[in-house]
Amino acid sequence: MEKAGLTELNAVIAIARRGTFRAAAIDLNMSTTALSLAIGKLEASLGVRLFNRTTRSLSLTGAGRLFVDQVGPALRDIEGALEAVRSERDTPSGTIRINAAPFAARDVISPLVLEFLRRYPDMVVDIVTEGRLVDIVADGFDIGVRVAGLVPTDMITVPLGRPQRYATVASRQYLDTHGTPLVPPDLLNHQCIRVRLPDGSLFRWRFEKDGESAQIDVRGSIILDEANLSRVAVLEHTGIGFFMEQSVIEDIEAGSLIRVLEDWTPPFPGLCLYYPGRRNLSAGVKAFLAMARVHAAARSRNSD
């Protein structure tokens, strides 16, 4: 039996993670044809099929699931060892993969990511944005960026130095027609844009003022799971929305959206980078985290 190389092993993990040959091929910087040939070669060597493939769907076989569960962690250890050796280079190089909520990516790309790339031109930063909270280790990411309260407890965090706020907003037309809520319970008499969380539950809007807190199960005729879609619905006068402030601050400043219940949305601990402590960090990741700490410290001083 011919021995499998790292290319074939990584190919299986990438396809399982991304769900399609095409997306995995892009991640691996190879053609779809070359990827298909690599998988065919590995399956022939093993004598089993790893994927069920049709023209419309792709799924792991039982053998494929066993492969991913057992080979995946070993591959991560190998990659960590290789990165540890590469870190002996004087100049960081390679790729950093970052998973972030969309608003979080916008918050870090200009002050941090672009400056990092100017400083280290041999580096590549690959940012994937999505609303759901993923397992960054299992999905092959080096760093995550999320609100501090959402970060798994087994991760090491680097605070980014600026508190966050929620913003409750509506269009002027909606408020003129339906009135303005003055306290959180008033929202129960309004159409609200409801938000579904990654675990399938509906998000309860959270408010606090002078030591009093409230969580409101708002009502509304539309449920969405993506902030940009919710923003569109609010701009189209559909109802009241509840967002991270960064997502709608330009609309508020332009007068397109009106903020309500502002005194009920105090700041709370903000964004942070996070990464697994048990993994050997590459020189590039170490340099990025060092820049993040300096950036966060400067931002904190400027906000004092």
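Details of the structure are given in the entry above.
Here we summarise the structure given alongside this text. (Residues numbered from 1 in each chain as written. Predicted model: local features only at pLDDT ≥ 70, side-chain atom pairs only at ≥ 80, totals over all residues. Heavy atoms only, no water.)

Neighbouring strands of a sheet are bound in pairs by backbone hydrogen bonds; such pairs are parallel or else antiparallel. One open sheet holds the 3 strands; their spatial order is β12-β7-β13, and the pairing between them is antiparallel. Only two strands of the sheet have a single neighbouring strand rather than two, namely β12 (241-244) and β13 (258-260). Across the sheet, the axes of successive neighbouring strands diverge by a mean angle of 50 degrees, strand direction being ignored. Where strand β7 (residues 166-170) meets β12, 4 bridges bridge the pair, whose relative direction is antiparallel. (Pairing = 2+ DSSP bridges. Helix = DSSP H or I, 4+ residues; strand = E, 2+ residues; numbered from the N terminus. Axes fitted to C-alpha atoms, helices over the stretch in contact; angles between N-to-C directions.)

Given two aromatic rings, one states the distance between the centres and the angle between the planes to describe the pair. Per the counting criterion, the structure on display carries 8 aromatic pairs. On the numbers, 5.1 Å between centres and 80 degrees between planes, the contact of Phe 116 with Phe 288 is edge-to-face. Of this pair, Phe 116 sits in helix α5 (residues 102-119) while Phe 288 sits in helix α9 (residues 283-303), and the two are 172 residues apart along the sequence. The same class applies to Phe 116 as to Phe 288, namely buried. Ring pairing ties together the aromatic residues Tyr 166, Phe 203, Trp 205, Phe 207 and Phe 242, which thus form one cluster. In this structure, Arg 97 packs its charged tip against the face of Phe 141, placed 4.2 Å from the ring centre. (Phe/Tyr/Trp six-rings, centres within 6.5 Å; stacked < 30°, edge-to-face > 60°. Buried < 20%, exposed > 50% of the residue type's maximum accessible area, 1.4 Å probe, protein only. Lys NZ or Arg CZ within 6 Å of the ring centre and 35° of its normal.)

In this section: unusual backbone geometry. Phi angles above zero are rare outside glycine, and Asn 29 is one such case at about 55 degrees. Turning to its location among the elements, Asn 29 is positioned in the loop between α2 (21-28) and α3 (32-46). Its identity as a non-glycine residue notwithstanding, Asp 210 has a phi of 50 degrees, on the positive side. Positionally, Asp 210 belongs in the loop between β9 (205-209) and β10 (212-216).

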